[in-house]
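Structural description and commentary
The primary structure of each chain is shown beneath.
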Amino acid sequence: MTTRIVDSAAEWKAIRKSPELISKKIGFVPTMGALHKGHASLIERSVAENDYTVISIFVNPTQFDNPEDLQKYPRTFEKDMDLSKKLNVDFIFYPWYNDLYSDNYSYKVSENNISKTLCGTHRPGHFDGVLTVVMKLLNIISPTRAYFGEKDYQQYKLIAKMCKAFFMDVEIIPCKIVRDDDGLALSSRNILLSNEERIVAQNFPQLLQSKKNPAEIIKELEQLGFKVDYVEDIEGRRFSAVHIGKVRLIDNVEI
Ligand code: AMP
């Protein structure tokens, strides 16, 4: 089994229409790379449920509201390639910015309800960037199913509702959060934490899962040195985003 790299939308579209793939079930896992076991769980599910699995690796500049965050975002393509081979990924879509954004981002997808809450309040323009790139990727890849992690629960909801609103012919599959042994949700950004910060970070999921209320949790997080963007309970789920040093962490748990 080989893992083929496709770096242009036109090349992928030709492959998708080829006799090999035209009538096959295609599973798609969009990522920004720096792959870890969280991504692997989505990929494994796609491989099990479809004839072919495509992942994309693209650090999407339009969803970053902070230039330093974009510049520091981990990029580990060789390692990602090795893991993709091990997981039997068939294709890695690895596009250039100019190919995806030939319009230079003059067209965008905006949402006016859910995207204005939680992370949307603290990251202006973030979800416009996410929805726009996911719409482009789904239109290019034309998958049967696309897999999204519940770690980014607000993002998953926005994407599922976008696909419904625009009659997009794809099934959006939510996947459970994968956590480290101490409970911290796996994230590409975790490798940016210092050893000390990584130890403090384990308090974040533990406090979210506690019986305390959001106000009490915010107070304790701040005492531990976190800068808190929000802790909010909505419809049986507790959502939170915090900063530890220069790294932003998000998480959510069922309550
Ligand atoms: P990213 O590369 O961070 O954009 O993530 C790509 C996909 O993997 C998104 O659908 C994420 O929600 C999902 N994902 C990232 N981390 C995890 C995790 N710890 N558990 C489950 N899914 C995850």
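If you're wondering where the values come from, they're calculated on a predicted model, not measured in any experiment.

1. Notes on the overall build of the protein
A count of helices and strands for the protein gives eleven helices and nine strands. Expressed as lengths along the three principal axes of its C-alpha atoms, the size of the protein is roughly 60 × 40 × 35 Å. Across the protein, contacts joining residues at least 24 apart in sequence account for 69% of those joining residues at least 6 apart. Put simply, the protein has 34 plus and 35 minus side-chain charges, and the middle of one group is 2 Å from the middle of the other.

2. A closer look at the nonpolar core
One finds Trp12 and Phe93 to be the most contacted residues of the largest nonpolar core, which totals 42 residues. At the level of elements, helix H1 (9–16), strand E2 (26–31), strand E3 (52–57), strand E4 (91–93), helix H7 (126–141), strand E5 (145–149), helix H8 (153–165) and strand E8 (237–244) are the ones that each hand at least two residues to this core. For Trp12, the residues in contact, after removing those within four places along its chain, are Val6, Leu21, Val54, Phe91, Phe93, Ile140 and Ile141.

3. Observations concerning the sheet that holds strand E1 (residues 4–6)
Pairing between sheet strands relies on hydrogen bonds along the backbone, with the strands arranged either parallel or antiparallel. The strand order across the open sheet built from six strands is E1-E4-E3-E2-E5-E6, with neighbouring strands paired in parallel fashion. Because the sheet does not close on itself, it has two edges, and the strands there are E1 and strand E6 (171–175). Across the sheet, the mean angle from the axis of one strand to that of its neighbour is 25 degrees, orientation sign disregarded. Pairing of E1 with E4, which is carried by three bridges, proceeds in the parallel orientation. Within E4, the position partnered with Arg4 by the bridge is Phe91.

4. With respect to the site of the ligand
Of all residues adjacent to the ligand, which total 16 residues, the nearest are Met32, His39, Asp152, Val178 and Leu186. At 2.9 Å, a side-chain N or O of His39 approaches an oxygen atom of the ligand. Within the backbone of Leu186, an N or O atom sits 2.9 Å from a nitrogen atom of the ligand. Here the ligand has 480 Å² of accessible area as a free molecule, and 93% of this is covered by the chains.

5. So, the packing of aromatic side chains
For the structure shown, the criterion picks out nine aromatic pairs. Ring centres of Tyr52 and Phe91 lie 6.3 Å apart, and the angle between their planes is 40 degrees; on these two criteria the pair is classed as tilted. With Tyr52 in strand E3 and Phe91 in strand E4, this residue pair connects regions lying 39 residues apart in the sequence. Note on Tyr52: relative accessible area 13%, which makes it buried.

6. A word on the layout of surface pockets
In this structure, the largest pocket encloses a volume near 380 Å³. Looking at the largest pocket, it is lined by 16 residues, and the ones nearest its centre are Asn66, Asp69, His243, Lys246 and Arg248. Broken down by secondary-structure element, the contributors of at least two residues to the lining of the largest pocket are helix H3 (67–72), strand E7 (227–234) and strand E9 (247–254). The class makeup of the residues in the lining of the largest pocket is two nonpolar, four polar and ten charged.

Conventions used here
Residues numbered from 1 in each chain as written. Predicted model: local features only at pLDDT ≥ 70, side-chain atom pairs only at ≥ 80, totals over all residues. Heavy atoms only, no water. Helix = DSSP H or I, 4+ residues; strand = E, 2+ residues; numbered from the N terminus. Contact = heavy atoms within 4.5 Å. Lys, Arg positive; Asp, Glu negative; His and termini not counted. Charge placed at Lys NZ, Arg CZ, Asp CG, Glu CD. Core = buried A, V, L, I, M, F, W, Y, C linked by side-chain atoms within 4.5 Å. Buried < 20%, exposed > 50% of the residue type's maximum accessible area, 1.4 Å probe, protein only. Pairing = 2+ DSSP bridges. Axes fitted to C-alpha atoms, helices over the stretch in contact; angles between N-to-C directions. Near = heavy atom within 4 Å. Polar contact = N/O pair within 3.5 Å; in protein donor to acceptor, adjacent residues only side chain to side chain. Areas by Shrake-Rupley, 256 points an atom, 1.4 Å probe, with all protein chains shown as cover. Phe/Tyr/Trp six-rings, centres within 6.5 Å; stacked < 30°, edge-to-face > 60°. 1 Å grid on protein atoms, 1.4 Å probe; cavity = no way out; pocket = protein on both sides within 12 Å on 5 of 7 lines; lining within 4 Å. Points joined across faces, edges and corners; volume = space filled by probe spheres on them. Nonpolar A, V, L, I, M, F, W, Y, C, P; charged D, E, K, R; others polar.

By themselves, these are just geometric observations and shouldn't be taken as functional.
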